[in-house]
Every structure is written in structure tokens, then in C-alpha cells.
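Each chain, letter by letter, is given below.
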Amino acid sequence: MSVHKDLMKHAENQNKSYQQFLAWDQQREQYIEEAIELCKQGKPFSTDKINEVTNKMNKINLRIIPIKKNVTVEMVKEYVNSKK
């Protein structure tokens, strides 16, 4: 019975980690959209918040979670320019 409880606890912890990853992923996408909008308007922007969340996401140790790349100001500008 102890093994069953350990497996259940492990699964629960993995689920919590995955739910946190999903929440951060949503926040990351929001920050990316904000940077894109500021770039489109010719206003200054930073990728610091994006990369702060990205680094948190990459620390979650689950095999099913892909590693996310940090975003640079140049990447945002290239994206915006490609959509013109």
C-alpha cells in the first residue's frame, strides 16, 4: 500500500508542476504579445519579463515539457517586420 501512496503522491506532484508550467506558458504568451504590440507602435520594450518566466518554466523537470527559448528584442522586431 505504501508504494501505491508514493505513486499517487508522485503523480500529484507532477500534475502540480505541469499546471504551473501551463500557467507560466500563458503568462509568457501574454508578455510576448505585449512586446509585439509595443514594437508595432514603435515604442520601447523589453523581453526581461518574458525571459524571467521562460527561465522558471525551464526549471520544471518533467520529460513531457519542452525547453523554451529565451526571446531577444531582435527576435520580436524580426517577427513584427515579417508580418508587414
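Source: prediction; values computed, not measured.

J.: Account for a nonpolar patch on the surface, naming residues and giving values.
T.: Together, Tyr18, Leu22 and Ile64 make up a nonpolar patch on the protein surface, roughly 280 Å² of accessible area in all. We classify Ile64 as exposed; its relative accessible area is 66%.

J.: Go over the packing of aromatic side chains with me, naming the residues and quoting the values.
T.: Scanning the model with the defined rule gives 1 aromatic pair in all. Look at Tyr18 and Phe21: their rings are 6.5 Å apart centre to centre, the planes differ by 15°, and that puts the pair in the stacked class. Highlighted residues: Tyr18 and Phe21, both in helix α1 (residues 2-40), separated by 3 residues, approximately one helical turn. We classify Phe21 as buried; its relative accessible area is 5%.

J.: Run through the pattern of salt bridges, naming residues and quoting values.
T.: Two side chains of opposite charge can pair, provided their charged atoms sit close to one another. A full pass over the atoms with the stated rule returns 5 salt bridges. Residues Lys16 and Glu12 are paired through a salt bridge, measuring 3.5 Å at the closest nitrogen-oxygen approach. Remark: Glu12 and Lys16 occur in helix α1; sequence separation between them is 4 residues, near one turn of the helix. Note on Glu12: relative accessible area 46%, which makes it partly exposed. A salt bridge links Lys40 to Glu37; the shortest N-O distance between them is 3.6 Å. Remark: Glu37 and Lys40 occur in helix α1; sequence separation between them is 3 residues, near one turn of the helix.

J.: Outline the nonpolar core, listing residues and values.
T.: With 17 residues, the main nonpolar core has Ile50, Ile60 and Val76 as its most contacted residues. Taken together, the elements giving at least two residues each to this core come down to α1, α2 (48-58) and α3 (73-82). Here this core gets 7 residues from one element, more than from any other, and that element is α1. If sequence neighbours within four positions are ignored, Ile50 has contacts with Arg28, Tyr31, Ile32, Ala35 and Val71.

Procedures and definitions
Residues numbered from 1 in each chain as written. Predicted model: local features only at pLDDT ≥ 70, side-chain atom pairs only at ≥ 80, totals over all residues. Heavy atoms only, no water. Patch = residues over 30% accessible without salt bridge, like charges linked within 9 Å, V, L, I, M, F, W, Y side chains within 5 Å. Areas by Shrake-Rupley, 256 points an atom, 1.4 Å probe, with all protein chains shown as cover. Salt bridge = Lys/Arg side-chain N within 4 Å of Asp/Glu carboxyl O. Buried < 20%, exposed > 50% of the residue type's maximum accessible area, 1.4 Å probe, protein only. Phe/Tyr/Trp six-rings, centres within 6.5 Å; stacked < 30°, edge-to-face > 60°. Helix = DSSP H or I, 4+ residues; strand = E, 2+ residues; numbered from the N terminus. Core = buried A, V, L, I, M, F, W, Y, C linked by side-chain atoms within 4.5 Å. Contact = heavy atoms within 4.5 Å.

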